Amino acid sequence: MPVVRAGDVDLYYETVGEGDPLVFVHGSWNDHSSWQPAIDADAGASFRMISYDRRGHGRSEAVPGQGTRRQDEDDLAALIEELGPAPAHVAGNSFGASIVLGLAARRPELFRTITVHEPPLMAIVTDDPDAMKELRATEVSIEAALDHIRKGENRQGAQLFVEEVALGPGMWDQLPTAVRETFVRNAPTWLDEQSDPDWAKIDLDALARCTAPVLLSRGTESPVWLSTVLDRLATALPRARRQTIEGAGHIPHVTHPQQYVAALTRFIRDS
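Description of the structure in this document.

Definitions and cut-offs
Numbering of residues begins from 1 in every chain and follows the order in which that chain's sequence is written. In keeping with the predicted nature of the model, local features appear solely for residues at pLDDT of at least 70, side-chain atom pairs appear and are counted solely at 80 or more, and the whole-chain, interface and lining totals rest on all residues. Values shown for side chains rest on all heavy atoms present in the structure; no hydrogens or waters enter the calculation. By definition, any uninterrupted DSSP run of H or I lasting at least four residues is a helix, any uninterrupted run of E lasting at least two residues is a strand, and each is numbered from the N terminus. The buried label applies to any residue whose accessible area, calculated with a 1.4 Å probe on protein chains only, is under 20% of its type's maximum; exposed applies above 50%, and partly exposed to all values in between. With residues, only the protein chains shown are counted as cover, and all accessible areas are computed by Shrake-Rupley using a 1.4 Å probe. In this tally, Asp and Glu contribute negative charge and Lys and Arg positive charge; neither His nor the terminal groups of the chain are included. For the purpose of locating charges, the reference atoms are NZ of Lys, CZ of Arg, CG of Asp and CD of Glu. Take the residue count of a helix, subtract one, and multiply by 1.5 Å to get its expected span. One speaks of a salt bridge when a side-chain nitrogen belonging to Lys or Arg is within 4 Å of a carboxyl oxygen belonging to Asp or Glu.

1. Considering the overall build of the protein
Within the protein, the secondary structure is distributed over 12 helices and 8 strands. Dimensions of the protein along its principal axes, counting C-alpha atoms only, are 45 × 45 × 35 Å. A total of 271 residues make up the protein; the buried ones form 56% of that total. Total accessible area on the protein is roughly 11,400 Å²; 48% of this is exposed by carbon and sulfur atoms. Taken as two groups, the 26 positive and 40 negative side-chain charges of the protein have centres that lie 3 Å from each other.

2. Focus: helix α3 (residues 95-106)
An α-helical turn contains 3.6 residues, so a residue and the one three or four places further along point in the same direction. Helix length check: α3, at 12 residues, gives a terminal C-alpha distance of 17 Å against a target of 16 Å (1.5 Å per residue), a fit within 8%. The buried fraction of α3 amounts to 11 of the 12 residues, a majority that puts the element mostly inside the structure.

3. Re the pattern of salt bridges
By the definition in use, this model includes 19 salt bridges. In this structure, Arg107 and Glu109 form a salt bridge, with 2.5 Å as the shortest nitrogen-oxygen distance. What makes Arg107 partly exposed here is its relative accessible area of 26%. Note on Glu109: relative accessible area 45%, which makes it partly exposed. Where salt bridges share partners, they join Arg69, Glu73, Asp74 and Arg106 into one cluster.

Structure (structure tokens):
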């Protein structure tokens, strides 16, 4: 089983194709397999595509005690340095996007290009009344999902999160069985992520020193507050571009892989 040692954990990874390294960083609840539709969509195998399980997810090792997003950032740095060579193209989704940007603020030299979709960096929009009005309802649903998981009701918590926070009503039953089971299995790890007091923060001043080209993408079906987060990031990043994926929501690499990959590869090619 291919693994990279990152500090105190072994990280499982898979590699497909040849060329410049393109690292995929998954979001909360799932694992490396969530990127498979996007990998399959790149029929030309334009890159050496590396997908991995973050600590506590999938086949990667978990360690006892509360973890932090910074640990995930350091894990990503170790993976890039081990499997590179750096700098690498890196794409992240949701919490994975937050990890990518957090590392870019500290280690910009590791990145050739950055593509991030809807990082939930709530802390940078607390001064926006419209964003906070929408976020209050989201925070109520997040707390309800957390309460389920604290009680060991992982399936109920996962379903509530999918339908009230991430994807919308009725979407739980539309997910493949394997995806639903992955969500249930990783529910405790999401609880751990949410316990990190810095999970939703980013140092915008430090991020402004990252000169790599950055693509900030959003789906037309996603909450408006996520677009506000991207507005703040676009202002801070000196080489930011915006991309809207029509008809998509929070996981376009799963629901709209052809559109997502087309935007990603075009951005990298033009950068």
